[in-house]
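# Results of the structural survey
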Amino acid sequence: MGGFLIRRLAVTALVIVVTAVISFSLVHLSGDPAVAIAGEKASAAEIDQIRRLYGFDRPFHEQFLAWAGKVLDGDLGRSTYLKENVGPVLARHLPVTALLGILSLLFALLVAVPLGVIAALRPNTLVDRAALVLAVAGQAMPSFLSALALIYGFGVALRWLPVSGSASWAHYILPSVALGYYAAPAIMRLTRSGMLDVLQSDHVRTVRAYGLPAWRVVLRHALRHAVIPVVSLAAVQFGYMLGGSVVVESVFSMNGIGNLAWLSIRRYDIEVIQAILLVIACTYAVLTLAADLLNAALDPRIRSR
């Protein structure tokens, strides 16, 4: 287990470093930051002054190393638009996105895993076809479209739920459904295929031959092995939800990381953009690492890979 952990930690660190380099490069190659900060009416002298002030006149590798050094010291930089340190800015917005991601993932799992199990237990039946239709519809419908449909149905027509803000638990219901519904189809299909494979295995046939109840065979023996790839997919989907919450948070006017990223891109607030990309990349990598370790605990054969 020790060697497996060391290998996964090395891969996680490499992913974070490569992502940081790529994101830093893309942000700086998208345009001249000094021009964006100075504004359209700034003179050449003012732009040059800003370029020297923020160090944009230095070679790219020096800029990256300086930024990376500050990050390692816990300094994420200073917002050029908000005129305050990036750390406190992220601290105000991150809880909203984290809670939205957790609730969205829970909704996706609570819907997708039971549907996948039922579809696998009744293959090629009406139940299986209905689950397939839900999966296709969820995968084909973009999150902003489902968000607008939920707003109209439950917020405008029925007036059951609030449609903007994040002041109470009720404000998270519609955004969580909109974001989780898009992630549910992949989890459902993977659960179904995994259950079909496990139910046809020699292990499950042997357990059935002992006369155990069907529910115990499914829940204790089949689902435990079928859920292993779902754990990895759930971690990936949670990382996607954190990064892909830009649209949903904008539609529902939630003050989270996604909405902050959209506003920062419009303002060309590069320090905030780089910090958000770094936080999402680190979260994504750590979640993948946690999924690998959990899979290794569920299936010891994975440790030898």
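Residues numbered from 1 in each chain as written. Predicted model: local features only at pLDDT ≥ 70, side-chain atom pairs only at ≥ 80, totals over all residues. Heavy atoms only, no water.

## Re the overall build of the protein
- Along its length, the protein carries 14 helices and 0 strands.
- For the protein, the N- to C-terminal ordering of α and β elements is α-α-α-α-α-α-α-α-α-α-α-α-α-α.
- A burial count over the protein gives 40% of its 305 residues as buried.
- If you take every contact in the protein between residues at least 6 apart in sequence, the share linking residues at least 24 apart comes to 74%.
- Summed over all atoms, the accessible surface of the protein reaches about 16300 Å², with 67% contributed by carbon and sulfur. (Helix = DSSP H or I, 4+ residues; strand = E, 2+ residues; numbered from the N terminus. Buried < 20%, exposed > 50% of the residue type's maximum accessible area, 1.4 Å probe, protein only. Contact = heavy atoms within 4.5 Å. Areas by Shrake-Rupley, 256 points an atom, 1.4 Å probe, with all protein chains shown as cover.)

## Structural notes on the environment of Thr125
- Topologically, Thr125 is positioned in the loop between helix H5 (86-121) and helix H6 (126-140).
- A distance of 2.6 Å separates the side chain of Thr125 from the backbone oxygen of Arg122, its partner in a polar contact. (Polar contact = N/O pair within 3.5 Å; in protein donor to acceptor, adjacent residues only side chain to side chain.)

## A word on the environment of Val117
- Tracing the backbone shows Val117 in helix H5.
- Sequence separation between Val117 and Ser193 is 76 residues, and the spatial gap between their C-alpha atoms is 9.2 Å.

## Concerning H6
- Between its first and last C-alpha atoms H6 spans 21 Å; for 15 residues at 1.5 Å apiece the expected length is 21 Å, and the two agree.
- Looking only at H6, the buried set comprises Asp128, Ala131, Ala135 and Gly138. Looking straight down H6, one finds that the buried residues subtend no more than 95° of arc, so they occupy a single side. Facing away from the buried surface of H6 by more than 90 degrees, the exposed residues are Leu126, Val133, Val136 and Ala140.
- Tucked into the core, H6 has its buried residues touching H5 and helix H8 (173-199). (Expected span 1.5 Å × (residues − 1). Arc of directions from axis to C-beta.)

## With respect to the side chain of Thr97
- With respect to the element layout, Thr97 can be found in helix H5.
- Given the relative accessible area of 2%, Thr97 is considered buried.
- Side-chain polar atoms of Thr97 contact the side chain of Glu249, separated by 2.6 Å.

## Comments concerning the nonpolar core
- Of all hydrophobic cores here, the largest spans 38 residues; its most connected members are Ile187, Met195, Phe252 and Met254.
- Secondary-structure elements contributing two or more residues to this core are H5, H6, helix H7 (143-157), H8 and helix H11 (228-243).
- For this core, the element with the highest residue contribution is H8, accounting for 12 residues.
- Sequence-distant contacts of Ile187, defined by excluding residues within four places in its chain, comprise Ala108, Leu109, Ala112, Val113, Val230, Leu233 and Gln237.
- Among the nonpolar cores identified, the runner-up in size contains 16 residues, and Ala68, Val86, Leu90 and Ala261 belong to it. (Core = buried A, V, L, I, M, F, W, Y, C linked by side-chain atoms within 4.5 Å.)

## Here's the deal with a nonpolar patch on the surface
- Nonpolar side chains collect at one region of the surface, where Leu99, Ile102, Leu103, Leu106 and Leu110 lie side by side and expose about 440 Å² of accessible area between them.
- Tracing the backbone through its elements, the reader meets Leu106 in helix H5.
- Judged by relative accessible area, Leu106 falls into the partly exposed class, the value being 44%. (Patch = residues over 30% accessible without salt bridge, like charges linked within 9 Å, V, L, I, M, F, W, Y side chains within 5 Å. Salt bridge = Lys/Arg side-chain N within 4 Å of Asp/Glu carboxyl O.)

## Notes on the side chain of Thr12
- Its location among the elements puts Thr12 in helix H1 (residues 2-29).
- Taking the relative accessible area as the measure of exposure, Thr12 reaches 11% and is therefore buried.
- Leave out the neighbours within four places in its chain, and Thr12 touches Ala285, Val286 and Leu289.

## Here's the deal with the packing of aromatic side chains
- For the structure on display, the rule yields 4 aromatic pairs.
- Each ring, one from Phe24 and one from Trp67, has its centre 5.3 Å from the other, and the planes form 35°; the classification is tilted. A residue pair is termed long-range when its members are at least 10 positions apart, and Phe24 in helix H1 and Trp67 in helix H4 (residues 60-72) qualify at 43 residues. Comparing Phe24 with Trp67 shows no difference in burial state: the two are buried.
- Here the aromatic rings of Phe154 and Trp160 are separated by 6.0 Å at their centres, their planes lie at 50°, and the arrangement is tilted.
- According to the relative accessible area criterion, Phe154 is partly exposed, its value standing at 31%.
- Clustering of aromatic rings is evident, with ring pairs tying together Phe24, Phe64 and Trp67. (Phe/Tyr/Trp six-rings, centres within 6.5 Å; stacked < 30°, edge-to-face > 60°.)

## Regarding the packing of H7 against H8
- Where H7 meets H8, the axes come as close as 8 Å, and the angle between the chain directions of the two elements is 145°. For H7 against H8, the interelement crossing comes out right-handed. Residues Ser143, Ser146, Ala147, Leu150 and Phe154 of H7 pack against Leu174, Val177 and Ala178 of H8.
- Looking at the contact of H7 with H8 residue by residue, the class counts come to 6 nonpolar, 2 polar and no charged. (Axes fitted to C-alpha atoms, helices over the stretch in contact; angles between N-to-C directions. Left-handed = near helix turned anticlockwise from the far one by under 90°. Nonpolar A, V, L, I, M, F, W, Y, C, P; charged D, E, K, R; others polar.)

## Side note on the packing of H6 against H8
- Where H6 meets H8, the closest approach of the two axes is 7 Å, and the angle between their N-to-C directions is 140°. Taken together, the axis directions place H6 and H8 in an arrangement best described as oblique. Classified by chirality, the crossing of H8 by H6 is left-handed. Residue-level inspection shows Asp128, Ala131, Leu132, Leu134, Ala135, Ala137, Gly138 and Gln139 of H6 in contact with H8, the latter providing Tyr181, Tyr182, Pro185, Ala186, Met188, Arg189 and Arg192. (Parallel < 35°, antiparallel > 145°, perpendicular 65-115°, else oblique.)

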